[in-house]
Amino acid sequence: MGLELRQLRVVKAIADEGGLTAAARRLGMAQPSVSQALARAERAVGGALFLRGAGGAVATPLGEVVVGHARTVLDAVERMTAAAARHREDHWPAAVRIGCAPGLLVAHLSVAVPLVAGSDVQITTATGAAGHVAALAAGRTEAALVTHFPAPGAAEGPVAEAHGEGALRGAVVAVEPLFVGVSARHRLAARPDVDLAELAGERWCLPPGADDGLGARLAEACRRAGHPAAVRATAYATALALVREGRAVLPMMPGSRTGPGLVLLPLRGEPLTMATVLYWRSGGPLSEEWIRSLWEHLVRAQRDIIEAAPAYRAWLAGRPHWRTTPPGPAAFHRPCG
């Protein structure tokens, strides 16, 4: 049994108002109906969403995850209703074509684009950024969501020219540290974090054929740490198996879910970082308003879903200075801090 929109509205209202009675008033419902909707939601997700006491209702850890999703879905539904009324011009593409590098946000595009624009989406996924940017510049796609791996200490601004193509504009969705995946039996697996120098002699796995700069950044970071990088081009599924067997290590996004046999460790000092950037064509079929809506949806998904991963959440909690998402493009007039 899945969650219904009515139940999501109840969960969000309880979180916003701090109690069932206030939530019922806000929604124009009787309190027993609110209680019943909450009970159905808790059965659907398999656990309690709120702890109720004299001080009101406080979200449980599971409740925080569900509330975050509820906010994203309900906001997207509102945007879909508004967008469906705005974007019915004859020139609007029947399906928005988006090229993507593999990443944790890609899955959200198949939901975000129809909700934001009221149109279908065709997603092409391949490693590397250059091919997607070239396809966008040539008009074969309408947008691209790609990853870059900036040099240590380099700043990723909120707006960037895409590989020298003046017609392309970009907005940074997230700047994140890369962690390292190691076997649960690895000698360093119990550590809260590791220095890159402690991984001397390890074999690193990277995707074959990627032209996104990760290999060069890894080699440079290992050189700075005092040892050469031994890199093996390996498909992701094979790489995970090698890591679990203790035969390799793997740079991983901090929001990755690891599963049994694999531990995700932060790298001390953030020697490897990743920037996820949304690109579009200036003057293309997608309006600034549309791009802004999509960018804001991706930023919310980054914060509410990806950053909810336990290892990433703990890392961020210990680094309140870290700014995952820079302010939005100047044309958006909407900082994201």
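Please refer to the structure placed before this passage.
Residues numbered from 1 in each chain as written. Predicted model: local features only at pLDDT ≥ 70, side-chain atom pairs only at ≥ 80, totals over all residues. Heavy atoms only, no water.

*Asks:* What exactly am I supposed to notice about the sheet that holds strand β8 (residues 179-183) here?
*Replies:* Adjacent strands of a sheet pair through backbone hydrogen bonds, lying either parallel or antiparallel. One open sheet accounts for three strands, arranged β11-β8-β12; its pairing is antiparallel. The open sheet has two edge strands with one neighbour each: β11 (250-252) and β12 (262-265). Going from strand to strand, the sheet's axes swing by 35 degrees on average, the running direction of each strand aside. One ladder, built from four bridges, connects β8 with β12; its direction is antiparallel. Counted as the bridge partner of Val180 is Leu265 from β12. (Pairing = 2+ DSSP bridges. Helix = DSSP H or I, 4+ residues; strand = E, 2+ residues; numbered from the N terminus. Axes fitted to C-alpha atoms, helices over the stretch in contact; angles between N-to-C directions.)

*Asks:* Any chance you could explain the nonpolar core here in plain terms?
*Replies:* If you look at soluble globular proteins, the nonpolar side chains tend to sit buried side by side. Ranked by size, the top nonpolar core spans 41 residues in total, and within it Ile98, Leu109, Val113, Leu145, Val173, Leu278 and Leu294 carry the most contacts. For this core, the element with the highest residue contribution is helix α9 (residues 288-304), accounting for seven residues. In contact with Ile98, not counting residues within four places along its chain, are Leu109, Val113, Val121, Gln122, Ile123, Thr124, Ala143, Ala144, Leu145 and Leu294. Judged by nonpolar contacts, the second largest core, of 21 residues, contains Val182, Val194, Leu199 and Leu206. (Core = buried A, V, L, I, M, F, W, Y, C linked by side-chain atoms within 4.5 Å. Buried < 20%, exposed > 50% of the residue type's maximum accessible area, 1.4 Å probe, protein only. Contact = heavy atoms within 4.5 Å.)

*Asks:* Before we go on, may I ask you to explain the packing of aromatic side chains in this structure?
*Replies:* To describe a pair of aromatic rings, one takes the distance between the centres and the angle between the planes. Inspection of every chain in the model, using the stated rule, returns four aromatic pairs. Considering the side-chain rings of Trp315 and Trp322, the 5.1 Å spacing of their centres and the 80 degrees angle between planes classify their relative orientation as edge-to-face. An aromatic cluster of three or more residues is present, and its members are Phe179, Tyr312, Trp315 and Trp322. (Phe/Tyr/Trp six-rings, centres within 6.5 Å; stacked < 30°, edge-to-face > 60°.)

*Asks:* Could you clarify how one ought to interpret the environment of Glu202 in this entry?
*Replies:* Note that Glu202 resides in the loop between β8 and β9 (203-206). For Glu202, a relative accessible area of 15% corresponds to the buried category. The spatial distance from the C-alpha of Glu202 to the C-alpha of Val249 is 6.7 Å, given a sequence separation of 47 residues. The contacts of Glu202, once residues within four sequence positions are left out, are His186, Arg187, Ala230 and Val249.

*Asks:* Is there a simple way to think about the packing of helix α1 (residues 5-17) against helix α2 (residues 20-27) in this case?
*Replies:* Angle between the axes and distance between the axes: these two values describe a pair of packed helices. Where α1 meets α2, the axes come as close as 8 Å, and the angle between the chain directions of the two elements is 120 degrees. Of the possible angle classes, the one that applies to α1 and α2 is oblique. With respect to the hand of their crossing, α1 and α2 are arranged in right-handed fashion. Where α1 abuts α2, its residues Arg9, Val10, Lys12, Ala13, Ile14, Asp16 and Glu17 lie against Leu20, Ala22, Ala23, Arg26 and Leu27. Counted by class, the contact of α1 with α2 contains seven nonpolar, no polar and five charged residues. (Parallel < 35°, antiparallel > 145°, perpendicular 65-115°, else oblique. Left-handed = near helix turned anticlockwise from the far one by under 90°. Nonpolar A, V, L, I, M, F, W, Y, C, P; charged D, E, K, R; others polar.)

*Asks:* How do you make sense of the environment of Ala171 when you look at a structure like this?
*Replies:* Along the chain, Ala171 falls in strand β7 (residues 165-177). Here Ala171 falls in the buried class, since its relative accessible area comes to 0%. Through-space distance from the C-alpha of Ala171 to that of Trp295 is 7.6 Å; in sequence the pair is 124 residues apart.

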